[in-house]
Amino acid sequence: PIEEVFDFFSKPENLSRITPKKLNFKILTPTPIKMMKGQIIDYTIRLIGFQIHWRTLITDYNPPYSFIDQQIKGPYTIWHHKHTFKKIANGVEIYDNITYSIPFGIIGRILHYVWIQKDLENIFRYRKKVINEIFNMN
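Residues numbered from 1 in each chain as written. Predicted model: local features only at pLDDT ≥ 70, side-chain atom pairs only at ≥ 80, totals over all residues. Heavy atoms only, no water.

Peer 1: Explain the overall build of the protein chain to me, please; I cannot follow it from the model alone.
Peer 2: Looking only at helices and strands, one finds two helices and six strands in the protein chain. In the protein chain, the order of α-helices and β-strands from amino to carboxyl end is α-β-β-β-β-β-β-α. For 138 residues, the compact-globule formula gives about 14 Å, and the C-alpha radius of gyration of the protein chain, at 15 Å, lands near that figure. The principal-axis extents of the C-alpha atoms in the protein chain amount to approximately 45 × 30 × 25 Å. By the burial criterion, 37% of the 138 residues in the protein chain qualify as buried. Counting contacts in the protein chain only where the partners sit at least 6 residues apart, residues at least 24 apart contribute 32% of the total. Here the protein chain has roughly 8,700 Å² of accessible surface; of this, 58% comes from carbon and sulfur atoms. Taking the 19 positively charged and 12 negatively charged side chains of the protein chain as two groups, their mean positions are separated by 5 Å. (Helix = DSSP H or I, 4+ residues; strand = E, 2+ residues; numbered from the N terminus. Rg over C-alpha atoms; globule rule 2.2 N^0.38 Å. Buried < 20%, exposed > 50% of the residue type's maximum accessible area, 1.4 Å probe, protein only. Contact = heavy atoms within 4.5 Å. Areas by Shrake-Rupley, 256 points an atom, 1.4 Å probe, with all protein chains shown as cover. Lys, Arg positive; Asp, Glu negative; His and termini not counted. Charge placed at Lys NZ, Arg CZ, Asp CG, Glu CD.)

Structural data, given as structure tokens:
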């Protein structure tokens, strides 16, 4: 059911379950976290061997259909992530729409081309695999 899927995603504590271990994802905000518009969530990830503090703000919260998290502090100049959930005949479709921008001008664009874009694709491919396993899908 869409409510069950949305409930899973509305618990930031579940992010560690769907994030590759190599990122060493850790939530800093005391749990349990009540998801709602205006909620700020702090966590750390490891990128290229460096621990990075990431802070997001929930800018929209519309259960069980969507929510948006936006980076306040972190590795990107812009990070706007809309999570959308759509009820379908056999379950729920999950959509991630991400708008992001890399800092550091030309160097950032080169890094994006060489590494960042592929790394993000791998992270979301991993998430899809784990989510399918959690919800027993093919």
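Now that the structure has been shown, we can carry on.
Peer 1: I'm lost on the pattern of salt bridges in this one. Help?
Peer 2: Two side chains with opposite charge may pair up if their charged atoms get near one another. Evaluated as defined, the whole model comprises four salt bridges. Here arginine 55 makes a salt bridge to aspartate 42, at a shortest N to O gap of 2.6 Å. Of this pair, arginine 55 sits in strand β3 (residues 50–62) while aspartate 42 is found in strand β2 (residues 40–47), placing the two residues 13 residues apart along the sequence. According to the relative accessible area criterion, aspartate 42 is buried, its value standing at 14%. (Salt bridge = Lys/Arg side-chain N within 4 Å of Asp/Glu carboxyl O.)

Functional significance is not addressed by these values, which are geometric in nature.
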